Each structure stands twice: as structure tokens, then as C-alpha cells.
Amino acid sequence: MKKELSKLYDPSSVEDKIYKYWMDGKFFHADPDPKKEPYCIVIPPPNITGQLHMGHALDETLQDILIRWKRMRGYCTLWLPGTDHAAIATEAKIVEAMRKEGITKEELGREGFMERAWEWKKQYGGRIVEQLKKLGSSCDWDRERFTMDEGCSKAVKEVFIKYYEKGLIYRGERIINWCPKCKTSLSDAEVTYEDQAGHFWHLRYKIKDSDGYLELATTRPETLLGDTAVAVNPNDERYKDLVGKTVILPIVHREIPVVADDYVDPEFGTGVVKITPAHDPNDFEVGLRHKLPVINVMNDDATIVDDYPKYAGMDRYDARKAIVEDLEAEGALVKTEDYSHNVGTCYRCGTTVEPKVSTQWFVKMEPLAKPAIDAVKNGETKFVPERFDKIYFHWLENIRDWCISRQIWWGHQIPAFYCDDCGEMTVTKETSCTCPKCGKPMRQDPDTLDTWFSSALWPFSTLGWPDKTEDLEYFYPTNTLVTGYDIIFFWVIRMMFSGLENMGKVPFDTVLIHGLVRDAQGRKMSKSLGNGIDPLEVIANYGADALRFMLATGNAPGNDMRYIDEKVKASRNFANKLWNASRFIMMNLPEGFSADKLPENLSVEDKWIVSKFNTLAKEVNENLEKFELGVAVAKLYDFIWDVYCDWYIELTKPRIQAGGESAENAQTVLVYVMKGMLKLLHPFMPFITEEIWQALVDDGTAIMVQDFPMYDESLSFTEDEAVFEKIIAGIRGIRNCRGEMNVPPSVKAKLYVETQEPLVFEQGTMFFERLASASEVIITNHFDGKDCQTVVTDSARFFIPLSEIVDTDKERARLEKDKAKVQKDIDFLSGKLNNQGFISKAPEKLIEAEREKLRKAEEKMAKIEKSLSALK
RNA sequence: GGGAGCUUAGCUCAGCUGGGAGAGCGUCUGCCUUACAAGCAGAAUGUCACAGGUUCGAGCCCUGUAGUUCCCACCA
């Protein structure tokens with residue numbers, strides 16, 4: 001069993017080996033087991049184009065912690081992995097790569113492009129998966145899925161057709177968000193609004209058959225080409241007479257009506273609005289109300305259409321410039337103001353979106369939103385932290401129909417077919433069909449579906465739906481969904497209504513929301529800033545365990561956190577600490593030593609550590625139950641470092657050196673608690689705990705499938721804990737005193753312990769020698785303390801004869817300081833206990849505890865005074 | 001214009017249902033004590049943003065104020 005282990009833990013030599021061991025042992029694989037309770041997490045599928053970033057690292061870490069914990073708790077645990085085809089993002093990347101080769105989509109044609117895209121998927125889809133493995137993610141890779149694989153595609157078609165037949169999907173002409181760069185429509189969720197500096201151009205339109213002008217202001221003069229009206233508020237006295245009149249559109253010289261509409265705010269600007277139904281969502285609505293013509297002035301790439309020869313082919317911004325110049329030349333420009341306004345941008349490429357009227361497919365949201373709202377209201381699914389349900393409700397309560405068609409090729413092609421001959425449309429599962437009316441071959445809709453349409457089905461499509469599979473039966477609804485608050489709209493909401501609509505049940509019971517990992521200055525990590533930290537580099541430098549531990553530490557659910565290198569270092573140091581603790585144990589362990597059972601006659605310090613460990617196991621489970629991973633990890637850190645390493649290991653050293661039964665017991669307890677700690681820590685630091693486990697236990701078992709420690713009433717020794725704390729208090733006090741006097745540990749001195757509880761302190765003799773530099777310990781019920789340093793605790797006085805060092809004045813000052821502290825305690829406690837309100841209203845238990853504290857403080861005070869008077 | 005979060009030690013952050021303020025890093029002192037100097041033993045440091053309120057008792061609950069970050073929203 002004795003093994004030569006390096007002083008420093010080297011994660012790089014361990015992690016890949018251990019991961020392979022887990023994979024070979026099929027430990028991640030889960031098959032439905034009716035004897036066990038299921039626990040399932042579906043991974044938020046990373047994009048195939050993606051590289052692992054800190055956001056993934058956090059997300060995967062949290063999921064793996066939960067999964068590993070539940071697995072050890074005996075659940076049939078499935079973490080289902082996969083990737084997302086990320087329609088627009090991927091297509092943009094492929095197009096970009098092709099551009100560098102001088103090829104366009106159109107040249108390649110749809111089929112050729114798709115071939116290339118699948119090739120891309122094959123090449124890069126695996127990369128992110130390999131990166132996830134580096135983190136230690138215990139996903140069931142046998143079930144890895146892809147949003148465009150056969151099963152998911154089948155589910156997509158099934159849902160589309162079902163919705164269509166139920167009237168939940170319709171095709172229609174609406175104003176939608178259009179990205180001129182990606183050349184596709186976008187849903188409302190895919191538009192990000194940002195403030196942009198712009199201008200406010202005041203224009204005047206001539207009123208027909210009059211000398212008068214109507215002044216209005218606009219931020220987008222170029223859309224004037226498509227104006228079909230001018231609107232004022234019906235109650236605006238200034239313009240009352242003009243409603244129904246006609247004005248002349250400058251430049252175009254088209255005659256357009258003045259209409260009255262409530263949409264116009266008379267307080268804003270001049271109270272007159274130009275109406276461009278084709279290029280503004282509000283204007284579109286106004287246009288509908290007043291039956292105005294819709295004049296499209298822009299091509300798909302936001303250049304001006306050929307109908308306006310002067311501007312044809314000009315980009316919208318160039319056209320704006322030209323039109324402003326022309327307006328000025330025509331005398332229609334009154335003034336130009338600086339103006340900052342909110343414009344929508346494409347969430348993928350950042351291009352300013354262009355509102356555009358076009359024919360698209362939509363999902364009718366109202367009937368789907370309602371059950372999704374109810375499911376969270378009645379607690380079937382809950383958010384952690386709870387406050388995120390507000391965002392959820394707000395979004396769903398104000399939701400508009402979901403534009404799901406995209407004018408790109410990479411994705412699920414819409415299963416609708418058109419007859420060019422008679423105009424008939426059919427929605428079908430088949431890949432080709434003939435017109436049911438005229439028998440001619442039909443043409444499939446060239447559009448594809450929003451990428452989120454398929455990810456909305458992820459919690460059940462990956463389990464086999466629409467087939468009735470054993471997996472689906474067993475694992476659905478899944479349990480916890482772990483994701484960042486930034487994709488609640490995109491994904492969580494859509495999974496919720498999709499699950500409810502198609503499965504009749506919510507997709508998961510809990511949504512654990514986490515925040516963003518920011519850089520050290522608190523900025524969002526982004527490609528453009530170049531401030532991103534590569535998790536793989538961190539893993540290479542410090543190990544995956546250190547990164548995971550850092551990400552889980554000091555982070556409350558839903559809150560953003562900063563990546564600070566020192567924090568990873570601290571985690572790495574912690575791993576090293578654990579490593580060395582195990583090294584200490586193993587170095588001292590006799591050949592063939594087994595520690596299956598705790599010894600019968602535990603010493604007080606053994607009971608102390610066992611009892612404290614028992615409490616730790618209880619609390620870690622409780623914290624994990626409540627998704628307080630950060631709290632759990634902090635408790636583990638404190639216990640392992642402070643309680644186990646700094647105290648218990650030190651306590652065992654004199655025993656091990658002395659040998660005999662006490663040494664053996666110490667070793668048994670050391671191993672027992674170490675094994676327990678490793679198990680508790682395993683979900684957080686899977687690699688190092690597995691590595692140590694295998695070296696320490698060496699029986700061919702894997703820690704990742706051990707039982708997770710739970711609270712055991714029979715191992716709770718609160719009285720012994722309290723007794724041992726008295727010894728600890730003495731050691732602390734003596735160290736403190738020696739420290740203040742700058743006495744090095746190498747200078748030993750006798751220690752006199754004056755106490756009424758000799759039995760307690762007899763158990764501490766060897767610890768005072770070892771940990772408090774006592775050359776000899778003399779326990780007595782009275783000691784005069786002449787020429788000694790005095791240390792007072794509430795159960796004893798300790799005297800250290802350091803006559804050559806003792807300075808009576810200094811010693812008096814030290815004791816006076818102590819006394820002042822205790823006096824403060826006494827004042828505080830007696831004040832509280834003299835408060836009638838406290839006595840009559842506080843819980844009895846608390847009052848009793850405070851009385852006890854006061855009693856102890858008073859005892860301590862008496863001892864200090866005794867020592868002080870002896871000094872004179 | 002709505003909504004949410006944050007404000008705690010020099011820095012980064014914890015703080016569970018209200019019961020005398022914590023950690024890591026940094027600083028200072030002393031230690032190479034045979035697991036670990038990526039370590040050990042100690043020390044110092046806080047009007048818990050501000051102002052009210054509820055309570056026997058408030059970092060925690062309520063109201064308001066300020067600063068800050070973010071989300072949502074069609075003001076041309």
C-alpha cells in the first residue's frame with residue numbers, strides 16, 4: 001500500500017487517465033431501472049460552431065455536481081448530452097469560410113451547401129464535446145444527440161404538423177425583424193436593442209392646395225420613399241383641420257393623406273409622424289387601421305429598390321445621406337438635431353435589423369403561453385432563485401406570435417409544399433409530394449425553422465419522442481435544468497410550452513439559473529474585447545478540479561461572478577492540500593491496513609472529528625438539496641482544511657508516533673473521515689478524489705459510484721465535541737500568548753493547568769505538548785502562577801513559566817486587555833438578560849444559552865482577576 | 001417608461017427561516033514543527049451605502065433616498 005506520491009498534485013497526469021477509466025467502466029451510462037428513482041438533466045446543447053468558454057464551464061460544472069451527487073445518492077442518473085445546430089450562427093460561419101475560398105452559397109446550390117455544412121458539423125461538432133470531457137462532465141455519451149439528427153428532426157416535423165393542424169402554426173404576411181447581413185427574418189427574442197447616437201431630422205411637407213407646410217421629425221429619412229401617410233393625434237387641436245387633407249411627400253412628390261391615430265403622441269416632437277408601413281412596426285399597425293398601401297423600398301440586403309432610380313442599389317445609410325442632401329436642396333429640411341435612440345440589432349451579427357413586411361410562418365403564442373404561465377404559478381416548475389419567475393411571467397404575458405421561418409438553408413426545412421400551378425399548399429411528413437388538387441409535383445418551402453424550434457423540444461425529443469420509448473417513460477419529466485439567465489426567453493420558455501403542449505407535462509421541475517462569468521474588472525467576456533479566458537488553458541495550468549471548485553465557490557445562484565486567477569490558484573492549493581493530507585495518511589499506514597469500521601473505544605478527539613464530520617455530511621446534503629452549491633463547497637473547504645488537516649491530523653501525530661492501540665485507532669479514524677470527505681467532495685472535484693480514493697482504498701472500486709455520506713444519528717457526539725473544544729481553547733490561548741510574546745515553538749516550557757475539570761485536561765496532555773510547546777503538563781486544582789504567563793479560558797487557567805521572558809508590566813497589560821474583552825461580554829450579556837422584553841419574548845432556549853454564556857464569562861473574569869492580583 | 005440585482009474588511013465575494021459580522025487574496029509578526037512554504041502558528045482591519053420604520057433584538061423584514069449593473073418596452 002505504501003506509495004511514493006509527489007509532494008505536488010499534478011492534475012495533468014491524472015485527469016485524462018481517470019476520465020478514460022470512467023468511460024471504460026461505463027459509469028456515466030444510465031439505463032432505466034425501475035428499482036431506482038430517476039434523476040435526469042438534459043444539457044443545454046452547445047453550438048456546434050462553439051468553443052468551450054467560461055459560461056459553458058460554469059454551466060457544466062453545476063450540472064455535473066448535481067448529477068454526481070444524485071448518482072452517489074442512489075438515483076438512476078442520466079445526464080443527456082448533445083449539441084445544437086445553431087442555424088444562423090453556423091450558416092454564417094460556413095458562408096464566411098466559403099467567402100474566403102471565393103465561393104458563394106448560390107454557386108454551390110442548396111444541396112452542395114448542405115453537404116458542406118454537414119461536413120463542417122462532422123469536423124467541429126466533436127470539438128466542443130471533447131472539451132466538455134476535459135471538465136470531467138459525467139454525461140452519458142452513449143446517448144449524445146444533435147438537434148438535426150434523425151430523431152430530433154422527426155420530432156420537429158411531428159410538432160410542426162401537429163401545431164399546423166391545430167391552427168397553432170400559420171403562414172402570413174406580417175412585419176418582421178429582418179437582418180440584412182444574415183438575410184433572414186428573426187424572432188423578437190433574437191433582436192437586441194441598443195442605444196445609438198443618431199439624428200432627428202425635422203422635415204416639412206407641403207400641404208396640397210395651400211401655402212402651408214406640415215413639420216415632422218424623423219430618425220430615418222430614407223424610409224420616406226415608402227411613406228404612405230402622415231399621422232397626427234385625433235385630439236390635437238393644432239392639426240384638427242388638416243386630418244383628411246393631403247400633403248406632398250418631398251423628393252418623391254407623391255400625394256399622401258393626413259390621418260388621425262391615437263398612436264401619435266402630441267407631446268413628442270411636432271406631434272406629426274410620417275407613416276412608412278413597410279419599414280416600421282408601428283407604422284404597419286397604423287397602416288392596417290387606415291388601409292394604407294404598403295410600399296417596400298428596400299431589398300434583402302437593405303439597399304434601395306430599383307423603383308427609385310436615383311437611389312437604387314444604395315445602402316440604406318448611403319441613401320439616408322443622399323436623401324438628406326436632396327431634402328435640403330429642395331428646402332424640405334428644417335433642421336437637424338443630435339438624437340440618441342434605441343435600435344434593434346441582430347443578436348448573432350450585430351447588424352441593425354430592418355423591419356420588413358414579408359410572408360413568414362408563425363406560432364400562435366397565446367394558447368401556448370397560458371399553460372406555461374400556470375405551470376410556474378402553481379409550482380410544477382420552480383425557478384432558483386425564485387425572482388427569475390418574474391422575467392418568465394413578464395415575457396410570456398406580453399408575448400407576440402413567434403416568427404419561426406428563416407431564410408437560410410442550415411436547419412429543418414419547413415415541411416410545407418406548394419403547387420406552383422394551382423397555388424395549393426400541403427403540410428406533410430413526406431419529403432416530396434404531388435398536389436392533392438391538380439396532381440402536379442409540389443415544391444417544398446425553401447425556408448428553415450428557427451433553431452430554437454428544435455431546442456424547444458430537447459427535453460423529450462432526446463428521450464425518443466414521438467416514439468413511446470422506455471427512456472421517455474422513465475426520465476420525463478426531467479428534473480433540473482441548469483442555464484444562464486440570458487437564455488430564459490430563448491429556450492426555457494419555449495421548452496416549457498412545448499413540453500406542456502406535446503407531453504402534457506412540464507419538462508423539468510426546477511430551473512437553476514446562474515449568472516455570467518465576467519472578467520477580473522467585471523466586464524462581460526467577449527471576442528471583441530479579447531478579454532475571454534479559455535477554460536482549457538486554465539485546466540492545463542491548474543487542473544479541471546481547481547477550475548470547477550473555483551466556479552462553484554462563493555457564487556450564489558443567479559448572480560454574476562468574476563474570473564480572478566487568484567481564486568483558481570486558491571482552489572488549486574486546496575486540491576494540493578487534500579493531496580498532501582492523503583499522502584500523510586498513506587505514508588503512515590501499515591501494510592494491509594483496513595479501516596472498514598470505526599473502533600469501539602473512540603477517544604474524545606476521535607469522537608470530536610467523527611461528530612463534526614457527521615454534521616458536515618448533513619449540511620452538505622441539505623445545501624445541495626436547496627441548490628446552495630456555493631455554501632456546500634465552502635463548508636467542505638473549511639472542514640477539510642481547518643478541522644481535518646490543521647487540527648485532526650496534527651492531533652494524530654503524537655498518537656501515531658507513540659504507537660499501540662491509540663495509533664491504530666487514529667489511523668482508522670483518519671482513513672474513515674478521509675474517505676467520507678473524498679466522497680462529499682467528489683461531485684465538486686471528481687478527478688483528485690477518484691485518484692486518491694483508488695490509491696487509498698485500492699480495492700478496485702470507483703469513488704464515483706460510492707454511497708454519498710449521510711447524517712447518522714449514532715455518530716453524533718455533541719458532549720464529547722464540547723469537551724474537546726475546551727482543550728482546543730487552551731491550545732489556542734497558549735499559542736496566542738506565545739505568538740504575541742514572539743516565543744518560537746522550539747522554546748519549550750512547562751505548562752501548569754489549574755482546573756476543576758482535571759479529567760478533561762488529562763485527555764489533552766499530549767496535545768499540549770505537541771501543539772502548544774509544553775515540555776511537561778502538570779494538572780492541578782490550584783497554582784499560584786508566580787513569574788508565569790497566564791492564559792485564561794472559561795474552564796481553566798494555564799501557566800507558562802517563562803521567567804526570562806516575562807515582563808510583569810507587559811503581562812499585566814495583556815491580562816487587562818483580556819479583562820476588558822470579557823467585561824464587554826458581561827456587559828452585553830447582562831444587558832440583554834436584564835431587558836424585560838428579551839426575557840418575556842425571546843425563545844426559552846436562547847435565553848438559557850445567553851445565561852450560560854454569561855456564567856462562563858463571569859467565571860473567566862474571576863480567573864483573570866485572580867491572576868491580576870497575583871501579579872502584584 | 002417599467003422591472004430586477006448589487007452596495008458587507010484594502011481587493012473579490014459568502015452570510016440559510018432576524019439572535020453578539022465571515023472566507024479567500026493582500027498586509028503585519030513568528031516558524032523550513034519528519035503531509036503540504038501552493039505550507040504552519042498568530043495579529044490587525046468593518047457606523048454591513050444612507051434615512052426612517054417594524055421588533056425584546058435588523059446585514060437579513062418594510063418604506064424611501066443615492067450610487068451602480070442588467071433586463072424588458074414601438075415614442076416617430
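Residues numbered from 1 in each chain as written. Chains lettered and ligands numbered in written order. Predicted model: local features only at pLDDT ≥ 70, side-chain atom pairs only at ≥ 80, totals over all residues. Heavy atoms only, no water.

The 4 strands lie next to each other as β6-β5-β14-β16, forming an open sheet whose pairing is antiparallel. Each edge of the open sheet is held by one strand with a lone partner, namely β6 (184-186) and β16 (402-403). Bridging between strand β5 (residues 169-179) and β6 involves 3 bridges; their strand directions are antiparallel. Across the sheet, residue Asn177 finds its bridge partner in β6, namely Leu186. (Pairing = 2+ DSSP bridges. Helix = DSSP H or I, 4+ residues; strand = E, 2+ residues; numbered from the N terminus.)

Attention shifts here to the sheet that holds strand β22 (residues 478-484). Hydrogen bonds between backbone atoms are what pair the strands of a sheet, whose relative direction is either parallel or antiparallel. In spatial order, the strands read β15-β23-β22; together these 3 strands make up an open sheet with parallel pairing. The open sheet terminates on both sides in strands that have one partner only, identified here as β15 (382-384) and β22. Strand after strand, the sheet turns through a mean of 20° between neighbouring axes, direction not considered. Along the sheet, helix α13 (residues 488-503) makes contact with β15, β22 and β23 (508-514), crossing β22 at roughly 165°. (Axes fitted to C-alpha atoms, helices over the stretch in contact; angles between N-to-C directions. Contact = heavy atoms within 4.5 Å.)

Close to RNA strand B lie 61 residues, the nearest being Arg562, Arg572, Arg583, Trp641 and Lys841. One nitrogen or oxygen atom from the side chain of Arg562 is found 2.6 Å from a phosphate oxygen belonging to RNA strand B. Between Arg583 and RNA strand B, the recorded distance is 2.6 Å, taken from a side-chain N or O atom to a sugar or linking oxygen. Looking at the surface near RNA strand B, the elements that each hand over two or more residues are β13 (333-346), α9 (388-397), α16 (565-588), α18 (629-658), α21 (718-740), α24 (808-834), α25 (836-841) and α26 (844-871). Looking at the surface near RNA strand B residue by residue, the classes come out as 27 nonpolar, 16 polar and 18 charged. (Near = heavy atom within 4 Å. Polar contact = N/O pair within 3.5 Å; in protein donor to acceptor, adjacent residues only side chain to side chain. Nonpolar A, V, L, I, M, F, W, Y, C, P; charged D, E, K, R; others polar.)

This part covers the pattern of salt bridges. Scanning the entire structure with this criterion turns up 62 salt bridges. Note that Arg518 and Asp560 form a salt bridge whose closest N and O atoms lie 2.8 Å from each other. Placement of Arg518 in strand β24 (residues 517-518) and of Asp560 in the loop between α15 (544-552) and β25 (561-562) is noted, with a sequence separation of 42 residues between them. A relative accessible area of 22% places Arg518 in the partly exposed class. On the basis of relative accessible area, Asp560 is assigned to the partly exposed category, the value being 28%. (Salt bridge = Lys/Arg side-chain N within 4 Å of Asp/Glu carboxyl O. Buried < 20%, exposed > 50% of the residue type's maximum accessible area, 1.4 Å probe, protein only.)

Scored by pLDDT, chain A has a mean of 93; 99% of the residues are at 70 or more. Across the predicted assembly, pTM comes out at 0.95 and ipTM at 0.96. (pLDDT = per-residue confidence, 0-100.)

A regular strand carries its side chains on alternate faces of the sheet. Of all 7 residues in β22, 7 are buried; the element is thus mostly enclosed. Pairing of β22 with β23 involves 6 bridges; the strand directions are parallel. Looking at β23, one finds that Leu481 is bridged to Val511. You can see the chain leave β22, run along α13 and come back into β23, and the turn it takes is right-handed. (Right-handed = clockwise from strand over helix to strand, strands pointing away.)

With that settled, the discussion passes to the nonpolar core. Taken as a class, soluble globular proteins show a tendency for nonpolar side chains to be buried jointly. Of all hydrophobic cores here, the largest spans 192 residues; its most connected members are Phe453, Ile609, Phe639, Tyr644, Phe684 and Phe768. Broken down by element, this core gets its largest block of residues, 14 residues, from α18. Among all residues touching Phe768, those that are not within four sequence positions of it are Ile727, Gly730, Ile731, Ile734, Leu751, Phe761, Ser773, Ala774, Val777 and Phe798. Residues Tyr205, Val232, Ala302 and Leu327 belong to the second largest nonpolar core, which totals 32 residues. (Core = buried A, V, L, I, M, F, W, Y, C linked by side-chain atoms within 4.5 Å.)

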